[in-house]
Amino acid sequence: MIKNPEKYRRESEKERRETLRKLTIKESAEIMEFLLDSELIDSLNFASHLPVCAKLGLKMKKE
């Protein structure tokens, strides 16, 4: 059970950012390629150029 949700969110976000910073370009490209090939991409709504809008589409899906 999470006793302090705000602290948990901060720590999770910090860990996520650190993990992303450690990714190599190849690892990052492989992750993006996997996402683009997955069914997840079909559930997102992109208003413009796919790579440029990927971040916005994922953010909108999260909200």
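Note that the structure is predicted; figures quoted are calculated from it, not measured.

Notes on the overall build of the protein
And step 1. Check the secondary structure of the protein and you find four helices and zero strands.
And step 2. Helices and strands appear in the protein in the N-to-C order α-α-α-α.
And step 3. Looking at the protein as a whole, 11% of its 63 residues qualify as buried.
And step 4. Surface exposure of the protein reaches about 6,100 Å², of which carbon and sulfur atoms provide 56%.

Some remarks on the environment of Thr19
And step 1. For Thr19, the location among the structural elements is in helix H1 (residues 5–22).
And step 2. Residue classification places Thr19 among the partly exposed positions, given a relative accessible area of 44%.
And step 3. A polar contact is formed between the side chain of Thr19 and the backbone oxygen of Glu15, at a distance of 2.9 Å.

Some thoughts on the confidence of the model for the protein
And step 1. Averaged over every residue, the pLDDT of the protein is 79; residues scoring 70 or more account for 68%.
And step 2. By mean pLDDT, the top-scoring element of the protein is H1 (93), and the lowest-scoring one is helix H4 (residues 50–62) (60).

A short note on the pattern of salt bridges
And step 1. As enumerated under the stated definition, the model contains five salt bridges in all.
And step 2. Its salt-bridge partner being Glu6, residue Arg9 comes within 2.9 Å of it at the nearest N-O pair. Here Arg9 and its partner Glu6 are both found in helix H1, three residues apart, which amounts to about one turn of the helix.
And step 3. When the shortest N-O distance is used, the salt bridge between Lys26 and Glu30 registers 3.7 Å. Residue Lys26 and its partner Glu30 are located together in helix H2 (residues 25–37), separated by four residues, close to a single helical turn.
And step 4. Within the structure, one salt-bridge network assembled from shared partners comprises Glu13, Arg16 and Arg17.

A closer look at the side chain of Ser38
And step 1. One can find Ser38 in the loop between H2 and helix H3 (40–43).
And step 2. Overall, Ser38 belongs to the buried group, its relative accessible area being 18%.
And step 3. Polar contacts involving the side chain of Ser38 include one to the main-chain carbonyl oxygen of Leu35, which spans 2.9 Å.

Basis of the calculations
Residues numbered from 1 in each chain as written. Predicted model: local features only at pLDDT ≥ 70, side-chain atom pairs only at ≥ 80, totals over all residues. Heavy atoms only, no water. Helix = DSSP H or I, 4+ residues; strand = E, 2+ residues; numbered from the N terminus. Buried < 20%, exposed > 50% of the residue type's maximum accessible area, 1.4 Å probe, protein only. Areas by Shrake-Rupley, 256 points an atom, 1.4 Å probe, with all protein chains shown as cover. Polar contact = N/O pair within 3.5 Å; in protein donor to acceptor, adjacent residues only side chain to side chain. pLDDT = per-residue confidence, 0-100. Salt bridge = Lys/Arg side-chain N within 4 Å of Asp/Glu carboxyl O.

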